[in-house]
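Residue-level structure breakdown
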Amino acid sequence: RNRAKDGSIYWVDTTIVPFLDARGKPRQYMAIRYDITARKAQEQQLQDQAALAAVGEFAAVVAHEVRNPLAGIRNAVQLIASDLPPASESVGLSHEIVARIDSLNAVIGDLLLFARPRTPSLAPVVVHTLLNDVASAFSQDPAMQHVAVTLTGPADLAIDGDQDQLRLVFLNLLVNAGQAMEGKGSLTMTIEDVGRNVAIVIGDTGPGIPVELREKIFEPFFTTKHRGTGLGLPTVKRIVDAHRGTIAIDDRPGGGTRVRVVLPKGQ
């Protein structure tokens, strides 16, 4: 496993042959190397498919055996709360129970979304309009009231994409950035015309992501948060991949993290 000058990873199958001198000691070596990057990628794809199949089976069980009973419990708690005196301490407790149930339902939803991805329904999407809507939805979150969001770039660039799925991608990226900044700081979204593609660069003023973690953050169930499933960014990557795009993370000049999403322009 090696790293190229551009930072990409490649794999080689290497055989090292020694040349011996008259005393039988190695005087030099010859290395025969075969690039097996494509083969390793195929092996990883097969492993991912097997893991995904297992997750899918597990998700089906969870949806049936957990989600349905949770809905009944939630309704029962709300019904009980409606019969309580408004000043009762139990009203607050019932609201807390409902909130915990909703949180658990959100975890199950993340699991189902990752395990059973939907094929993108492609249609023309104006990138600036999409990101403006995402920024508005993000700013309505009370926890993000102190995060300033700036959107710059051409207003007419369009891609062929699934608007709902892409909205999920960029809202997830904004929320992750806002949480990294602990709800205080600034976010920039920049749209760039890069030939046949459109690049969307999201930068934050948070602490940044250590280099050793950048290759893991797109792995399912990997998370650095105290709470969460670790499926948000893997789901983001799967959606970007399904749109024939790429996503990469690096440091932002001046501090923070920069996420670059590249998607093909509309035909």
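Residues numbered from 1 in each chain as written. Predicted model: local features only at pLDDT ≥ 70, side-chain atom pairs only at ≥ 80, totals over all residues. Heavy atoms only, no water.

A short note on the overall build of the chain
Broken down by element type, the chain carries six helices and eleven strands. By the compact-globule yardstick of 18 Å for 267 residues, the chain is too spread out, its C-alpha radius of gyration being 24 Å. Put simply, of all contacts in the chain between residues at least 6 apart along the chain, 65% involve residues at least 24 apart. Carbon and sulfur atoms make up 55% of the accessible area of the chain, which totals about 16,500 Å². Separation between the mean location of the 28 positive side-chain charges and that of the 29 negative ones in the chain comes to 8 Å. (Helix = DSSP H or I, 4+ residues; strand = E, 2+ residues; numbered from the N terminus. Rg over C-alpha atoms; globule rule 2.2 N^0.38 Å. Contact = heavy atoms within 4.5 Å. Areas by Shrake-Rupley, 256 points an atom, 1.4 Å probe, with all protein chains shown as cover. Lys, Arg positive; Asp, Glu negative; His and termini not counted. Charge placed at Lys NZ, Arg CZ, Asp CG, Glu CD.)

Focus on the nonpolar core
Generally speaking, a soluble globular protein has its nonpolar side chains buried in company with each other. Grouped together as the largest cluster of nonpolar side chains are 35 residues, with contacts concentrated most on F170 and L173. Contributing elements (two or more residues each) for this core: α3 (127–139), α4 (163–180), β8 (184–194), β9 (197–204), α6 (232–242), β10 (246–251) and β11 (257–264). Those residues in contact with F170, other than ones at most four positions away along the chain, are L130, L131, V134, I200, I202, V261 and L263. Core analysis: the next-biggest nonpolar cluster, separate from the first, contains ten residues, V62, L111, L112 and F114 among them. (Core = buried A, V, L, I, M, F, W, Y, C linked by side-chain atoms within 4.5 Å. Buried < 20%, exposed > 50% of the residue type's maximum accessible area, 1.4 Å probe, protein only.)

Topic: the packing of α4 against α6
Closest axis-to-axis distance for the α4/α6 pair is 9 Å, and the angle between their directions is 145 degrees. Seen along the crossing, α4 lies across α6 with a hand that is left-handed. Residue-level contacts link Q165, L168, V169, N172, L173 and N176 of α4 to G232, L233, T235, V236, I239 and V240 of α6. Residue classes in the contact of α4 with α6 are distributed as seven nonpolar, five polar and no charged. (Axes fitted to C-alpha atoms, helices over the stretch in contact; angles between N-to-C directions. Left-handed = near helix turned anticlockwise from the far one by under 90°. Nonpolar A, V, L, I, M, F, W, Y, C, P; charged D, E, K, R; others polar.)

Considering α3
For an α-helix, 3.6 residues make a turn, and residues three or four places apart therefore share a direction. Across its 13 residues, α3 extends 18 Å between first and last C-alpha, which sits within 8% of the 18 Å expected from 1.5 Å per residue. Those residues of α3 that sit buried are V127, L130, L131, V134, A135 and F138. Seen along its axis, α3 keeps its buried residues to an arc of 135 degrees; they face one direction. (Expected span 1.5 Å × (residues − 1). Arc of directions from axis to C-beta.)

Observations regarding unusual backbone geometry
With a phi angle near 55 degrees, E182 is a residue other than glycine that sits in the positive phi range. When its relative accessible area of 70% is taken as the criterion, E182 is described as exposed. Positive phi values are uncommon outside glycine, yet R244 reaches one of about 60 degrees. Structurally, R244 can be placed in the loop between α6 and β10.

Here we look at the confidence of the model for the chain
Per-residue pLDDT for the chain averages 84, and the proportion of residues at 70 or more is 91%. Put simply, helix α5 (residues 211–214) is where the chain has its lowest mean pLDDT, 73, and strand β3 (residues 12–20) is where it has its highest, 94. (pLDDT = per-residue confidence, 0-100.)

So, the sheet that holds strand β6 (residues 146–152)
One open sheet holds the five strands; their spatial order is β6-β8-β9-β11-β10, and the pairing between them is mixed. Each edge of the sheet is formed by a strand with only one pairing partner; in this case those strands are β6 and β10. On average, each strand axis in the sheet is inclined to that of its neighbour by 15 degrees, with strand direction left out of account. Relative to β9, β8 is paired through eight bridges, and the arrangement is antiparallel. (Pairing = 2+ DSSP bridges.)

A word on the environment of D204
Relative to the helices and strands, D204 resides in strand β9. The exposure class of D204 is buried, given its relative accessible area of 6%. C-alpha of D204 to C-alpha of L130: the two residues are 74 residues apart in sequence and 19 Å apart in space. There is a polar contact of 2.9 Å between the side chain of D204 and the backbone nitrogen of G206. (Polar contact = N/O pair within 3.5 Å; in protein donor to acceptor, adjacent residues only side chain to side chain.)

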